[in-house]
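Structural features, examined
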Amino acid sequence: MPIQVLPPHVARLIAAGEVVSRPLDVVRELVDNALDAGASRIDIEVEAGGLSLIRVRDNGAGIPADAVALAPARHATSKLAPDTGAALRVTTLGFRGEALWAAAQAGELHLVTRPAAQVGAAEVTALGDEVTVRRTSAPAGTTVTVRNLFARLPARLRTQAPAAAEVRDITALVGRYVLHHPGLSWRLTVDGEARLTHAPADHRGAVASVYGPLSANRVLVVEAEGVRGVVSRPELTRARRDRMHFSVNGRPILAPPELERAVIEGFAALLPSGVAPLCVLDLSVAPEDHNPNVHPAKQVVALADLPGVAARVRAAVAGA
Ligand SMILES: Nc1ncnc2c1ncn2[C@@H]1O[C@H](COP(=O)(O)OP(=O)(O)O)[C@@H](O)[C@H]1O
Ligand SMILES: [Mg+2]
(Lines give C-alpha, C1' and ligand atoms only; values in the text may rest on other atoms or scores of the structure.)
(Ligands and ions follow the chains in the order given, each with its own letter.)
Protein backbone atom coordinates (compact mmCIF):
# COMPACT_ATOMS: atom_id res chain seq x y z
CA MET A 1 0.00 0.00 0.00
CA PRO A 2 1.35 3.45 -0.82
CA ILE A 3 2.12 5.82 1.96
CA GLN A 4 -0.86 8.11 2.48
CA VAL A 5 -2.10 10.56 4.95
CA LEU A 6 -5.18 9.27 6.73
CA PRO A 7 -8.25 11.47 6.41
CA PRO A 8 -8.73 13.30 9.72
CA HIS A 9 -11.87 11.37 10.64
CA VAL A 10 -9.96 8.09 10.36
CA ALA A 11 -6.96 9.35 12.27
CA ARG A 12 -9.37 10.44 14.94
CA LEU A 13 -10.99 7.06 15.30
CA ILE A 14 -7.62 5.44 15.78
CA ALA A 15 -6.54 7.97 18.34
CA ALA A 16 -9.85 7.62 20.16
CA GLY A 17 -8.98 3.99 20.64
CA GLU A 18 -6.06 4.97 22.80
CA VAL A 19 -8.32 6.38 25.48
CA VAL A 20 -11.37 4.19 24.88
CA SER A 21 -10.67 0.68 23.70
CA ARG A 22 -13.27 -1.06 25.88
CA PRO A 23 -16.27 -0.16 28.06
CA LEU A 24 -14.09 -0.26 31.20
CA ASP A 25 -12.11 2.69 29.84
CA VAL A 26 -15.27 4.78 29.59
CA VAL A 27 -16.27 3.90 33.15
CA ARG A 28 -12.83 4.88 34.45
CA GLU A 29 -12.78 8.19 32.57
CA LEU A 30 -16.30 9.18 33.64
CA VAL A 31 -15.63 8.27 37.27
CA ASP A 32 -12.41 10.29 37.16
CA ASN A 33 -14.42 13.25 35.88
CA ALA A 34 -16.95 12.87 38.70
CA LEU A 35 -14.14 12.76 41.27
CA ASP A 36 -12.43 15.77 39.71
CA ALA A 37 -15.78 17.60 39.98
CA GLY A 38 -15.72 17.05 43.74
CA ALA A 39 -18.76 14.77 43.83
CA SER A 40 -19.79 13.14 47.10
CA ARG A 41 -22.13 10.68 45.39
CA ILE A 42 -21.34 8.69 42.24
CA ASP A 43 -23.82 6.31 40.60
CA ILE A 44 -22.67 4.06 37.78
CA GLU A 45 -24.97 2.07 35.52
CA VAL A 46 -23.88 -0.49 32.96
CA GLU A 47 -25.96 -2.48 30.50
CA ALA A 48 -24.85 -5.35 28.28
CA GLY A 49 -21.28 -5.18 29.53
CA GLY A 50 -21.26 -1.45 28.83
CA LEU A 51 -21.77 -1.77 25.09
CA SER A 52 -25.45 -0.73 25.23
CA LEU A 53 -25.15 1.80 27.98
CA ILE A 54 -22.76 3.31 30.48
CA ARG A 55 -24.09 6.08 32.71
CA VAL A 56 -22.28 7.94 35.46
CA ARG A 57 -24.25 10.39 37.56
CA ASP A 58 -22.58 12.71 40.06
CA ASN A 59 -23.53 15.58 42.34
CA GLY A 60 -20.33 17.49 41.65
CA ALA A 61 -19.58 20.97 40.35
CA GLY A 62 -21.31 20.64 36.97
CA ILE A 63 -20.29 22.45 33.79
CA PRO A 64 -21.37 26.08 33.35
CA ALA A 65 -23.80 26.59 30.46
CA ASP A 66 -21.38 28.84 28.57
CA ALA A 67 -18.66 26.15 28.57
CA VAL A 68 -20.72 23.05 27.98
CA ALA A 69 -20.49 22.98 24.18
CA LEU A 70 -16.70 22.72 24.49
CA ALA A 71 -16.71 19.72 26.83
CA PRO A 72 -16.76 17.07 24.07
CA ALA A 73 -14.17 18.89 21.97
CA ARG A 74 -10.78 17.25 21.62
CA HIS A 75 -8.09 18.51 23.98
CA ALA A 76 -10.67 20.73 25.67
CA THR A 77 -10.09 20.63 29.39
CA SER A 78 -10.71 22.89 32.36
CA LYS A 79 -8.00 21.15 34.38
CA LEU A 80 -4.74 22.23 32.80
CA ALA A 81 -3.56 25.74 32.14
CA PRO A 82 -2.33 25.92 28.53
CA ASP A 83 1.34 26.19 29.41
CA THR A 84 3.80 23.32 29.48
CA GLY A 85 4.65 23.87 33.14
CA ALA A 86 1.11 22.92 34.15
CA ALA A 87 1.45 19.56 32.41
CA LEU A 88 4.26 18.75 34.82
CA ARG A 89 2.13 19.43 37.89
CA VAL A 90 -1.03 17.39 37.43
CA THR A 91 -3.34 17.63 40.44
CA THR A 92 -6.50 16.17 38.87
CA LEU A 93 -7.35 12.70 37.58
CA GLY A 94 -8.13 13.99 34.08
CA PHE A 95 -5.92 16.41 32.18
CA ARG A 96 -5.88 15.45 28.50
CA GLY A 97 -9.33 16.69 27.53
CA GLU A 98 -9.88 13.58 25.48
CA ALA A 99 -12.31 11.35 27.36
CA LEU A 100 -15.63 12.94 26.40
CA TRP A 101 -14.34 13.48 22.89
CA ALA A 102 -13.28 9.85 22.60
CA ALA A 103 -16.62 8.68 23.99
CA ALA A 104 -18.44 10.72 21.34
CA GLN A 105 -16.23 9.25 18.63
CA ALA A 106 -16.71 5.68 19.84
CA GLY A 107 -20.38 5.88 20.80
CA GLU A 108 -23.27 8.28 21.44
CA LEU A 109 -22.53 10.78 24.18
CA HIS A 110 -25.30 12.43 26.15
CA LEU A 111 -24.60 14.79 28.99
CA VAL A 112 -26.89 16.73 31.32
CA THR A 113 -25.21 19.14 33.69
CA ARG A 114 -25.94 21.98 36.08
CA PRO A 115 -23.71 23.85 38.53
CA ALA A 116 -25.63 24.31 41.80
CA ALA A 117 -25.74 28.12 41.44
CA GLN A 118 -27.02 28.08 37.85
CA VAL A 119 -30.76 28.29 37.17
CA GLY A 120 -31.27 25.92 34.22
CA ALA A 121 -29.35 22.84 33.15
CA ALA A 122 -27.72 22.13 29.79
CA GLU A 123 -28.15 19.00 27.74
CA VAL A 124 -25.46 18.03 25.25
CA THR A 125 -25.61 15.35 22.61
CA ALA A 126 -22.43 14.49 20.74
CA LEU A 127 -22.04 12.01 17.95
CA GLY A 128 -18.62 12.15 16.36
CA ASP A 129 -17.90 15.84 16.03
CA GLU A 130 -21.56 16.85 15.84
CA VAL A 131 -22.48 18.56 19.06
CA THR A 132 -25.90 19.92 19.93
CA VAL A 133 -26.77 21.83 23.10
CA ARG A 134 -30.25 22.40 24.54
CA ARG A 135 -31.57 23.89 27.74
CA THR A 136 -33.31 21.60 30.18
CA SER A 137 -33.88 21.25 33.90
CA ALA A 138 -31.98 18.87 36.14
CA PRO A 139 -30.62 18.54 39.67
CA ALA A 140 -27.16 19.99 40.35
CA GLY A 141 -24.34 17.81 39.09
CA THR A 142 -23.64 15.91 35.92
CA THR A 143 -25.03 12.80 34.28
CA VAL A 144 -23.04 11.41 31.37
CA THR A 145 -24.46 8.59 29.27
CA VAL A 146 -22.62 6.72 26.53
CA ARG A 147 -24.78 4.46 24.37
CA ASN A 148 -24.02 1.96 21.62
CA LEU A 149 -20.30 1.95 22.16
CA PHE A 150 -18.37 0.82 19.06
CA ALA A 151 -21.59 0.39 17.04
CA ARG A 152 -19.95 2.48 14.30
CA LEU A 153 -16.64 0.62 14.69
CA PRO A 154 -17.37 -3.01 13.78
CA ALA A 155 -13.71 -4.08 13.99
CA ARG A 156 -13.46 -2.72 17.52
CA LEU A 157 -16.81 -4.28 18.43
CA ARG A 158 -15.70 -7.73 17.28
CA THR A 159 -12.69 -7.78 19.59
CA GLN A 160 -14.65 -6.98 22.75
CA ALA A 161 -14.67 -9.45 25.63
CA PRO A 162 -17.96 -11.16 26.50
CA ALA A 163 -20.24 -8.97 28.62
CA ALA A 164 -19.76 -11.11 31.74
CA ALA A 165 -15.98 -10.69 31.62
CA GLU A 166 -16.23 -6.93 31.10
CA VAL A 167 -18.71 -6.64 33.97
CA ARG A 168 -16.30 -8.55 36.22
CA ASP A 169 -13.49 -6.12 35.39
CA ILE A 170 -15.74 -3.06 35.73
CA THR A 171 -16.92 -4.29 39.13
CA ALA A 172 -13.31 -4.78 40.23
CA LEU A 173 -12.42 -1.30 38.96
CA VAL A 174 -15.31 0.36 40.78
CA GLY A 175 -14.33 -1.62 43.87
CA ARG A 176 -10.87 -0.10 43.72
CA TYR A 177 -12.34 3.40 43.47
CA VAL A 178 -14.52 2.65 46.51
CA LEU A 179 -11.48 1.40 48.46
CA HIS A 180 -9.49 4.54 47.66
CA HIS A 181 -12.39 7.00 48.03
CA PRO A 182 -14.31 5.53 50.96
CA GLY A 183 -15.73 8.89 52.05
CA LEU A 184 -18.16 9.03 49.11
CA SER A 185 -21.46 7.30 48.32
CA TRP A 186 -21.08 4.79 45.53
CA ARG A 187 -23.47 2.59 43.61
CA LEU A 188 -22.80 0.29 40.68
CA THR A 189 -25.86 -1.10 38.89
CA VAL A 190 -25.44 -3.82 36.27
CA ASP A 191 -28.37 -4.62 33.97
CA GLY A 192 -30.76 -3.08 36.49
CA GLU A 193 -29.42 -4.87 39.57
CA ALA A 194 -27.30 -3.29 42.30
CA ARG A 195 -23.85 -4.88 42.13
CA LEU A 196 -21.91 -2.77 44.61
CA THR A 197 -23.11 -0.10 47.02
CA HIS A 198 -21.16 1.86 49.57
CA ALA A 199 -22.20 4.57 52.04
CA PRO A 200 -19.58 7.07 53.25
CA ALA A 201 -17.18 5.37 55.67
CA ASP A 202 -13.48 4.94 56.36
CA HIS A 203 -11.09 2.51 54.64
CA ARG A 204 -12.25 -0.34 56.85
CA GLY A 205 -15.85 0.34 55.83
CA ALA A 206 -14.80 0.25 52.19
CA VAL A 207 -13.14 -3.13 52.71
CA ALA A 208 -16.46 -4.30 54.18
CA SER A 209 -18.37 -3.03 51.11
CA VAL A 210 -15.98 -4.60 48.64
CA TYR A 211 -14.72 -7.78 50.35
CA GLY A 212 -17.23 -8.30 53.16
CA PRO A 213 -17.28 -7.79 56.94
CA LEU A 214 -15.04 -10.78 57.68
CA SER A 215 -12.16 -9.13 55.84
CA ALA A 216 -12.98 -5.72 57.32
CA ASN A 217 -12.67 -7.13 60.85
CA ARG A 218 -9.15 -8.28 60.08
CA VAL A 219 -7.51 -5.04 58.98
CA LEU A 220 -5.35 -2.56 60.85
CA VAL A 221 -5.24 1.17 60.20
CA VAL A 222 -2.10 2.58 58.59
CA GLU A 223 -1.53 6.25 59.20
CA ALA A 224 1.78 7.90 58.47
CA GLU A 225 3.12 10.86 56.55
CA GLY A 226 1.93 10.44 52.95
CA VAL A 227 0.66 6.89 53.52
CA ARG A 228 -2.89 6.17 54.73
CA GLY A 229 -5.16 3.17 54.58
CA VAL A 230 -5.41 -0.34 55.98
CA VAL A 231 -3.46 -3.60 55.90
CA SER A 232 -4.75 -7.01 56.88
CA ARG A 233 -3.62 -8.70 60.07
CA PRO A 234 -1.14 -11.51 59.40
CA GLU A 235 -3.93 -14.11 59.70
CA LEU A 236 -5.70 -12.75 56.60
CA THR A 237 -3.44 -13.49 53.66
CA ARG A 238 -3.76 -14.68 50.10
CA ALA A 239 -1.61 -16.73 47.78
CA ARG A 240 -1.81 -13.94 45.20
CA ARG A 241 -1.22 -10.20 45.38
CA ASP A 242 -4.64 -9.49 43.91
CA ARG A 243 -5.92 -7.59 46.94
CA MET A 244 -3.01 -5.20 47.28
CA HIS A 245 -4.36 -1.82 46.26
CA PHE A 246 -2.50 1.46 45.94
CA SER A 247 -3.45 4.93 44.87
CA VAL A 248 -1.28 7.94 44.22
CA ASN A 249 -2.95 11.29 44.87
CA GLY A 250 -6.38 9.64 44.59
CA ARG A 251 -5.68 7.72 41.41
CA PRO A 252 -5.87 3.91 41.67
CA ILE A 253 -2.66 2.60 40.11
CA LEU A 254 -1.15 -0.64 38.96
CA ALA A 255 1.40 -0.82 41.72
CA PRO A 256 5.05 -1.30 40.86
CA PRO A 257 6.38 -4.53 42.44
CA GLU A 258 8.63 -2.38 44.66
CA LEU A 259 5.59 -1.08 46.53
CA GLU A 260 4.04 -4.53 46.96
CA ARG A 261 7.37 -5.79 48.25
CA ALA A 262 7.63 -2.85 50.67
CA VAL A 263 4.28 -3.80 52.23
CA ILE A 264 5.29 -7.43 52.58
CA GLU A 265 8.64 -6.41 54.08
CA GLY A 266 6.77 -4.18 56.53
CA PHE A 267 5.30 -7.33 58.07
CA ALA A 268 8.86 -8.67 58.59
CA ALA A 269 8.69 -12.22 60.00
CA LEU A 270 4.96 -12.02 60.76
CA LEU A 271 4.02 -13.13 57.26
CA PRO A 272 4.75 -16.65 56.03
CA SER A 273 6.79 -16.49 52.87
CA GLY A 274 4.97 -16.65 49.56
CA VAL A 275 1.73 -15.10 50.80
CA ALA A 276 0.41 -11.58 50.35
CA PRO A 277 -1.73 -9.43 52.63
CA LEU A 278 -4.77 -7.40 51.70
CA CYS A 279 -3.94 -3.71 51.71
CA VAL A 280 -5.46 -0.44 50.65
CA LEU A 281 -2.89 2.33 50.74
CA ASP A 282 -3.37 5.90 49.60
CA LEU A 283 -0.06 7.56 48.84
CA SER A 284 0.35 11.31 48.56
CA VAL A 285 3.24 12.89 46.73
CA ALA A 286 3.90 16.44 45.59
CA PRO A 287 2.37 16.92 42.11
CA GLU A 288 5.78 17.57 40.55
CA ASP A 289 7.11 14.31 42.00
CA HIS A 290 4.81 12.10 39.96
CA ASN A 291 3.89 11.70 36.32
CA PRO A 292 0.57 10.04 35.43
CA ASN A 293 1.06 10.78 31.74
CA VAL A 294 2.97 7.65 30.79
CA HIS A 295 0.07 5.44 29.68
CA PRO A 296 -3.32 6.10 27.99
CA ALA A 297 -5.20 4.60 30.94
CA LYS A 298 -3.11 6.65 33.40
CA GLN A 299 -2.88 3.60 35.66
CA VAL A 300 0.87 3.62 35.52
CA VAL A 301 2.31 6.51 37.46
CA ALA A 302 6.00 7.30 37.38
CA LEU A 303 7.28 8.32 40.81
CA ALA A 304 10.33 10.56 41.05
CA ASP A 305 11.45 8.86 44.25
CA LEU A 306 10.14 5.29 44.20
CA PRO A 307 12.73 3.99 46.74
CA GLY A 308 11.80 6.82 49.12
CA VAL A 309 8.07 6.12 48.77
CA ALA A 310 8.69 2.39 49.24
CA ALA A 311 10.66 3.10 52.42
CA ARG A 312 7.79 5.21 53.76
CA VAL A 313 5.32 2.42 52.94
CA ARG A 314 7.51 -0.20 54.65
CA ALA A 315 7.80 1.91 57.80
CA ALA A 316 4.09 2.75 57.82
CA VAL A 317 3.08 -0.91 57.56
CA ALA A 318 5.62 -1.92 60.21
CA GLY A 319 4.10 0.68 62.52
CA ALA A 320 0.51 -0.48 62.03
N1 LIG B 1 -18.70 14.96 35.61
C2 LIG B 1 -18.24 16.18 35.32
N3 LIG B 1 -18.48 17.24 36.14
C4 LIG B 1 -18.01 18.47 35.84
N5 LIG B 1 -17.31 18.77 34.74
C6 LIG B 1 -17.06 17.78 33.88
C7 LIG B 1 -17.49 16.44 34.10
N8 LIG B 1 -17.09 15.67 33.07
C9 LIG B 1 -16.41 16.48 32.24
N10 LIG B 1 -16.38 17.75 32.71
C11 LIG B 1 -15.76 18.92 32.06
O12 LIG B 1 -15.46 18.56 30.73
C13 LIG B 1 -14.05 18.71 30.46
C14 LIG B 1 -13.60 17.61 29.50
O15 LIG B 1 -13.66 16.34 30.13
P16 LIG B 1 -12.69 15.19 29.63
O17 LIG B 1 -12.89 15.01 28.18
O18 LIG B 1 -12.85 14.00 30.51
O19 LIG B 1 -11.24 15.82 29.82
P20 LIG B 1 -10.36 16.05 31.15
O21 LIG B 1 -10.99 15.29 32.28
O22 LIG B 1 -9.02 15.49 30.78
O23 LIG B 1 -10.34 17.53 31.37
C24 LIG B 1 -13.40 18.65 31.83
O25 LIG B 1 -12.17 19.34 31.86
C26 LIG B 1 -14.45 19.30 32.72
O27 LIG B 1 -14.34 20.71 32.65
MG1 LIG C 1 -11.64 13.36 32.14
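Residues numbered from 1 in each chain as written. Chains lettered and ligands numbered in written order. Predicted model: local features only at pLDDT ≥ 70, side-chain atom pairs only at ≥ 80, totals over all residues. Heavy atoms only, no water.

Brief notes about the site of ligand 1
Quick note on the threshold: Being near a molecule or strand, for a residue, means having at least one of its heavy atoms within 4 Å of it. Distance and chemistry together define a polar contact, namely a pair of N or O atoms within 3.5 Å, with one atom able to donate a hydrogen and the other to accept it when in protein, and with adjacent residues in sequence counting only for side-chain atoms on both sides. Using a 1.4 Å probe, accessible areas were evaluated by the Shrake-Rupley method; residue-level cover was limited to the displayed protein chains. Gly is placed with the polar residues, together with every amino acid not listed as nonpolar (Ala, Val, Leu, Ile, Met, Phe, Trp, Tyr, Cys and Pro) or charged (Asp, Glu, Lys and Arg).
Neighbouring ligand 1 are 18 residues; Asp-58, Thr-77, Ser-78, Lys-79 and Gly-97 lie closest to it. With respect to ligand 1, the side chain of Lys-79 contributes an N or O atom lying 2.7 Å from an oxygen atom. About the coverage of ligand 1: the protein hides 93% of its 530 Å² of free accessible area. In terms of residue class, the shell around ligand 1 is made up of seven nonpolar, seven polar and four charged.

What about a nonpolar patch on the surface?
The test is simple: Patches in this entry comprise residues that are over 30% relatively accessible and not in a salt bridge; like charges within 9 Å are linked, as are nonpolar side chains (Val, Leu, Ile, Met, Phe, Trp, Tyr) within 5 Å. Salt bridge criterion: a side-chain nitrogen from Lys or Arg within 4 Å of a carboxyl oxygen from Asp or Glu. Relative accessibility decides the category of a residue: with a 1.4 Å probe and only protein chains considered, values under 20% of the type maximum give buried, values over 50% give exposed, and everything between is partly exposed.
The grouping of Leu-254, Val-294 and Val-300 at the surface amounts to a nonpolar patch, some 240 Å² of accessible area in total. Relative accessible area serves as the criterion here: at 51%, Leu-254 is assigned to the exposed category.

Examining helix H10 (residues 306-318)
What counts is decided by this rule: Here a helix means four or more residues in a row that DSSP labels H or I, a strand means two or more in a row labelled E, and each is numbered from the N terminus. In this scheme, a helix's expected span is set at 1.5 Å multiplied by one less than its residue total. Think of it as the arc spanned by the lines of direction from the helix axis to the C-beta atoms.
Relative to the 18 Å expected for 13 residues at 1.5 Å per residue, H10 spans 18 Å between its end C-alpha atoms, a close match to the ideal helical length. Residues of H10 that are buried: Leu-306, Val-309, Ala-310, Val-313, Ala-316 and Val-317. The arc enclosing the buried residues of H10, seen along the axis, measures out at 125 degrees, which places them on a common side. Opposite the packed face of H10, turned more than 90 degrees from it, sit the exposed residues Pro-307 and Ala-318.

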